[in-house]
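Observations on chain architecture
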Amino acid sequence: MQQFLAMFPIQASTHAAEVDQMTVLVHWLMLVLFVGWGAFFVFVLFRFRKSANPKADYVGAKGKISKGLEIVIVVVEAILLVFYAIPAWAKRVKTFPSENEATVVRVVAEQFSWNIHYPGPDGKFGRTDISLVSADNPLGLDRRDPNAKDDITTINQLNLPVDKPVLVHLSSKDVIHSFGLYEMRVKQDAIPGMTIPVWFIPNRIGEYEIACSQLCGLGHFRMRGFITIQSAANYKKWYDDQDKELLPPPVATPTPTVL
Ligand SMILES: [Cu+2]
């Protein structure tokens, strides 16, 4: 199992180990099936060669072994599904962290970038309007809305604090993209017209990649963002710095002229 894990990206979220465990088990099953079916295929080539069977038999194999093996495979697959896959997926989609105790962020995909939208210190996302979308305002954020005044937006840069649940509201402006955070073992399609919640708890400080995992157009290859996991203090500093940039520039006080 460890040899398999060495090939995986590092685990940077609390549920990553569970996903990897299931992936490894599925690969072991597939390895057994590959070797088993491959050996059976070679056996069949030899056993039913033309010189030994000049006349074709249309009935086929009648032994009980193949049926028994098929039942074993179905049982093993059912065990993987019922005891690993379904419980693991249920944890991702049944309950979500409350907005009060999570870092809440909107991620809006577009050809070919990731627009990130933080609600700012007030914790409320400002209004967005499609008619306001422009090159300078890819989210169409309405800064006249009181809730939008302190909102922070970035392109291709998602900063998050470590060891705190993250709740992403994921959507898309144009085509279907896929929000892929390999180190977090997170992958979710971003679909136009839908907002899909995704949550995870990053547990390893570092810089990782946001990859679009859906072939979404000619520029798909460059649809690459970054996710920076920081300590709580560094994240707060980053957040405050972003927010300060939103403040109107201080009015210059005229220096008194000495006559
Ligand atoms: Cu994409």
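Residues numbered from 1 in each chain as written. Predicted model: local features only at pLDDT ≥ 70, side-chain atom pairs only at ≥ 80, totals over all residues. Heavy atoms only, no water.

Focus on the sheet that holds strand 4 (residues 157-161)
Hydrogen bonds between backbone groups are what pair the strands of a sheet, and the pairing can be parallel or antiparallel. Taken in spatial order, the five strands line up as 4-10-9-6-7 in an open sheet, and their pairing is mixed. At either end of the open sheet lies a strand with only one pairing partner, and these are strand 4 and strand 7 (186-190). Geometrically, the sheet is characterised by an average inter-axis angle of 20° between neighbouring strands, direction not taken into account. Bridge count between strand 6 (residues 177-181) and strand 7: five bridges; the pairing is antiparallel. When the sheet's bridge partners are listed, L181 is paired in strand 7 with V186. Along the sheet face, helix 4 (residues 232-244) touches strand 4 and strand 10 (224-230) and points at about 135° away from the line of strand 4. (Pairing = 2+ DSSP bridges. Helix = DSSP H or I, 4+ residues; strand = E, 2+ residues; numbered from the N terminus. Axes fitted to C-alpha atoms, helices over the stretch in contact; angles between N-to-C directions. Contact = heavy atoms within 4.5 Å.)

Some words on the layout of surface pockets
For the largest pocket, the calculated volume is near 540 Å³. Looking at the largest pocket, it is lined by 22 residues, and the ones nearest its centre are H15, W89, R185, V186 and K187. Within the residue set of the lining of the largest pocket, elements represented by two or more residues are helix 2 (16-47), helix 3 (65-93), strand 7 and strand 8 (196-200). For the lining of the largest pocket, the leading source of residues is helix 3, giving six residues. Its residues assigned to classes, the lining of the largest pocket comprises 15 nonpolar, two polar and five charged. Quantified by volume, the second largest pocket comes out at close to 450 Å³. If you trace the second largest pocket, you find 19 residues lining it, with W37, F40, I65, S66 and L69 closest to the centre. Mapped onto the lining of the second largest pocket, the elements with two or more residues apiece are helix 2 and helix 3. Of the residues that constitute the lining of the second largest pocket, the class distribution is 14 nonpolar, three polar and two charged. (1 Å grid on protein atoms, 1.4 Å probe; cavity = no way out; pocket = protein on both sides within 12 Å on 5 of 7 lines; lining within 4 Å. Points joined across faces, edges and corners; volume = space filled by probe spheres on them. Nonpolar A, V, L, I, M, F, W, Y, C, P; charged D, E, K, R; others polar.)

Looking at the environment of T128
Note on placement: T128 falls in the loop between strand 2 (113-118) and strand 3 (152-155). When its relative accessible area of 31% is taken as the criterion, T128 is described as partly exposed. Each C-alpha atom of the pair T128 and D145 lies 9.1 Å from the other, and the pair is 17 residues apart in sequence. Setting aside residues up to four positions removed in sequence, T128 forms contacts with R106, H117, L139, G140, L141 and D142. (Buried < 20%, exposed > 50% of the residue type's maximum accessible area, 1.4 Å probe, protein only.)

A closer look at the coordination of the copper ion
Donor atoms from the polypeptide that bind the copper ion are H177 (ND1), C212 (SG), C216 (SG) and M223 (SD), placed at 2.1 to 2.4 Å. For the copper ion, the four donor atoms in the first shell make angles of 89 to 122° at the metal, a pattern classed as tetrahedral. We note that the donor set of the copper ion lies within a single chain, spaced as H-x34-C-x3-C-x6-M. Of this pair, H177 sits in strand 6 while C216 is found in the loop between strand 9 (206-212) and strand 10, placing the two residues 39 residues apart along the sequence. (Donors = N, O, S within 2.8 Å, 3.2 Å for Na, K, Ca; no water. Tetrahedral: all angles 85-135°; square planar, octahedral: opposite > 155°, others 65-115°.)

So, the pattern of salt bridges
For the coordinates displayed, the defined rule picks out ten salt bridges. The residue K91 makes a salt bridge to E18 at a minimum N-O spacing of 2.8 Å. One end of the pair, K91, is in helix 3; the other, E18, is in helix 2, and 73 residues separate them in sequence. The partly exposed category is assigned to K91, whose relative accessible area is 45%. Relative accessible area serves as the criterion here: at 28%, E18 is assigned to the partly exposed category. Its salt-bridge partner being R127, residue D129 comes within 3.5 Å of it at the nearest N-O pair. A residue is classified by how much of its surface remains accessible, and D129, at 23% relative accessible area, is partly exposed. Among the charged side chains, a network of salt bridges with common partners joins R127, D129, D142 and R144. (Salt bridge = Lys/Arg side-chain N within 4 Å of Asp/Glu carboxyl O.)

Let's talk about the nonpolar core
Soluble, globular proteins show a tendency: their nonpolar side chains are buried together. In this structure, F179 and I227 are the most contacted members of the largest nonpolar core, which totals 32 residues. Once residues lying within four places of it in the same chain are set aside, the contact partners of I227 are L158, L160, L181, M184, F200, G206, E207, Y208, E209 and I210. (Core = buried A, V, L, I, M, F, W, Y, C linked by side-chain atoms within 4.5 Å.)

Here's the deal with the side chain of R106
Along the chain, R106 turns up in strand 1 (residues 103-110). No salt bridge is formed by the buried R106; the nearest opposite charge belongs to D151, separated by 7.0 Å. Within the local environment of R106, its side chain forms a polar contact with the side chain of H117, the two groups lying 2.9 Å apart. Filtering out sequence-adjacent residues up to four positions away, R106 remains in contact with N115, I116, H117, F125, T128, L139 and H169. (Lys, Arg positive; Asp, Glu negative; His and termini not counted. Polar contact = N/O pair within 3.5 Å; in protein donor to acceptor, adjacent residues only side chain to side chain.)

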